Amino acid sequence: MTWTDEELVAKSIRGDADSFNELVLRWERPIYALAYRTIGREEDARDVCQETFLRAFRALPGFRGQAKFSSWLYRIALNLCRDWIRRERRTPVVQPPEDVDLLELAAAAEPSESIEDLVARQDLSRVVERAMALLPEEQRTAIVLKEYHGLTFQEIADLVGCPLSTVKTRLYQGLTVLRRELAKNPRTKGTIL
Amino acid sequence: MTDMLCGYANRDETIVAFLYDELEPEPRRDFNAHLLTCTVCRDEVAGLRAVRTSLARWEPPALTSLQSTVPETSRSAWWHAVPAWAQVAAALLFLGVSAGIANLDVRYDQTGLNITTGWMKPASAKLAAAQTSEGGTKPVTNQSPSGAPWRADLAALEGQLRAELHASQASAPAQVRAASSDAETLRRVRALLDDSEKRQQRELALRIAEVVRDVDTQRRADLRNIDHTLGLVRNDLGVEVMKQRQSLNLLYRASQRQ
């Protein structure tokens, strides 16, 4: 039987640790992806993800279910990302290694994928990552929440605490900057009109 | 990309809502109709769609599960981490507390060895009390030193047993604290081991990358050398061919003269 997030939260509050473990399993990947795409550093994103769940665990008794559990988690994670960016006093840094990381490559390879395809896929991923790192934090967050987490404009507005029209404007401006940047890059300019 | 302008009302927000399929049916129809006539908006929508396609290629690195971050105390089988000596201490503590609650009483008198529990007086004690009140004699326990030959020893033993029970009760919280700090230490050691393993993996990846780079550099240098040598050979060959051609020309001219 599959429990809903809200049912697992209720069971966790009653002291069932396995239920909280289930929530971690269910949400660790999206929260980590959100943190990584927002701050752009693997280790720090992992720390943010870990801290998000620890904070959620501690604050669980106070969770009254006014919002969805996922929205609550996203808010905790975004606040931690913002703290990280302020603490570091810089925009997110994307730091792909100079040399190819073979272990990472081996782990990421699809069984039917040639090494050339894999490298091309990773190159493209890095190009996008670099372009995203150029965006201001608000635009990047809006794009990450919309593009990778499928939140509605209204949900994003509630999460980041701004009007609906601001969310749309941030998305439009961010996508426009990305379009310009990707059009400059030899690897992507053929695909961007 | 086009830099021309279009005066469609709320254009930027409409384009974004259109892109993400969050436009209400009526504005959507209107904007679709507008796209048929406006190349600027059509190009922009196509360009932003292409951006979205590229965005889909951005994958974060793999994540190993965070399950180890869930507090250890919340695991169901937490007692597996408690060492055997701590479990024995806990068992002794339990026995001690049980004995204390049960008011364990050990006596040895003329009737033999008596072990009693509970807070009610035993029947023999009531009888002795009755005898005392009726006959004015001393209680059985003090009747005759020879009547209870081991009394002093037993009293000392009882005292010692009680003292030990009190001592074990007093030391129990310290033992429990020691057990929990032991579990904490184990958790830390596990975290340190995890970190060390990750560091080693990173270093290994770095070494492999270095080897690959060295091999690549060497390969390029070898290719350059081969290319250079081939060039020299080609030059030598060219010179040789030219000489032969000149000799042939000379021979040809000499034969013509004859």
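Everything numeric here is computed off the predicted structure, so don't read it as measured data. (Residues numbered from 1 in each chain as written. Chains lettered and ligands numbered in written order. Predicted model: local features only at pLDDT ≥ 70, side-chain atom pairs only at ≥ 80, totals over all residues.)

This next bit is on the overall build of chain B. Across its full length, chain B carries six helices and two strands. Per-residue burial over chain B gives 6% buried out of 258 residues. Taking the contacts inside chain B whose residues are at least 6 apart along the sequence as the reference set, 64% of them involve residues at least 24 apart. (Helix = DSSP H or I, 4+ residues; strand = E, 2+ residues; numbered from the N terminus. Buried ≥ 20, exposed ≤ 12 C-beta atoms within 10 Å, placed from the backbone. Contact = placed C-beta atoms within 7 Å.)

Here we come to the overall build of chain A. Helix and strand counts for chain A stand at nine helices and zero strands. Ordered by position from the N terminus, the helices and strands of chain A form the series α-α-α-α-α-α-α-α-α. Taking the contacts inside chain A whose residues are at least 6 apart along the sequence as the reference set, 65% of them involve residues at least 24 apart.

A general trend in soluble globular proteins is that nonpolar side chains are found buried together. Residue and element names in this part refer to chain A. Ranked by size, the top nonpolar core spans 54 residues in total, and within it Ile-31, Ala-35, Val-48, Leu-73 and Ala-77 carry the most contacts. Top element by residues in this core is helix 2 (residues 17–39). It accounts for 11 residues. If sequence neighbours within four positions are ignored, Leu-73 has contacts with Trp-27, Ile-31, Thr-52 and Ala-56. (Core = buried A, V, L, I, M, F, W, Y, C linked by C-beta atoms within 7 Å.)

With that settled, the discussion passes to unusual backbone geometry. Residues and elements named next belong to chain B. The phi dihedral of Asn-10 is positive, around 50°, even though this residue is not glycine. Looking at the secondary structure, you find Asn-10 in the segment before helix 1 (11–19). The backbone of Asp-21 sits at a positive phi, close to 60°, despite the residue not being glycine. Within the fold, Asp-21 resides in the loop between helix 1 and helix 2 (25–37).

Below, the discussion takes up the confidence of the model for chain A. Keep in mind that low pLDDT regions are not for reading the predicted coordinates in detail. For chain A, the mean per-residue pLDDT works out to 84, and 83% of the residues sit at or above 70. Here residues 96–100 of chain A is a poorly scored stretch, pLDDT under 50, and it has six contacts once near neighbours within four places are set aside; other chains count. (pLDDT = per-residue confidence, 0-100.)

Here the focus is the packing of helix 3 (residues 42–59) of chain A against helix 4 (residues 69–88) of chain A. Residue and element names in this part refer to chain A. Contact pair helix 3 / helix 4: the axes reach a minimum separation of 9 Å and the direction vectors enclose 135°. Here helix 3 lies oblique to helix 4, going by the angle between them. The interaxial crossing formed by helix 3 with helix 4 has right-handed handedness. Contacts from Asp-44, Val-48, Glu-51, Thr-52, Arg-55 and Ala-56 of helix 3 reach helix 4 at Leu-73, Ile-76, Ala-77, Leu-80, Cys-81 and Trp-84. For the contact of helix 3 with helix 4, the class distribution of residues is eight nonpolar, one polar and three charged. (Axes fitted to C-alpha atoms, helices over the stretch in contact; angles between N-to-C directions. Parallel < 35°, antiparallel > 145°, perpendicular 65-115°, else oblique. Left-handed = near helix turned anticlockwise from the far one by under 90°. Nonpolar A, V, L, I, M, F, W, Y, C, P; charged D, E, K, R; others polar.)

Moving on: helix 1 (residues 5–13) of chain A. Residue and element names in this part refer to chain A. Among all positions in helix 1, only Leu-8, Val-9 and Ser-12 are buried. Buried residues of helix 1, viewed axially, fall in a sector of 105°; they line one side. For helix 1, the exposed residues lying more than 90 degrees away from the buried face are Glu-6 and Glu-7. On the buried face of helix 1, the contacting elements are helix 2 and helix 4. (Arc of directions from axis to C-beta.)

It is worth spelling out helix 9 (residues 164–184) of chain A at this point. Here helix 9 of chain A is 21 residues long and its end C-alpha atoms lie 31 Å apart, about the 30 Å a rise of 1.5 Å per residue gives. Those residues of helix 9 of chain A not exposed but buried are Val-167, Lys-168, Arg-170, Leu-171, Tyr-172, Gly-174, Leu-175, Leu-178, Arg-179, Glu-181 and Leu-182 of chain A. (Expected span 1.5 Å × (residues − 1).)

Turning our attention to the packing of helix 8 (residues 153–160) of chain A against helix 9 of chain A. All names here are of chain A. For the pair helix 8 and helix 9, interaxial distance at closest approach is 8 Å and the crossing angle is 105°. The pairing of helix 8 with helix 9 is recorded here as roughly perpendicular in orientation. Touching Phe-153, Gln-154, Ile-156 and Ala-157 of helix 8 are Leu-164, Val-167 and Lys-168, all from helix 9.

Residue and element names in this part refer to chain B. Here chain B shows a mean pLDDT of 74. Residues at 70 or above account for 63%. Below pLDDT 50 for its whole length, residues 72–81 participates in 11 contacts with residues either more than four positions away or in separate chains. This model gives residues 132–147 a pLDDT under 50, and the stretch forms 11 contacts once residues within four places in sequence are excluded. In the predicted complex, the global pTM is 0.52; the interface-specific ipTM is 0.78.

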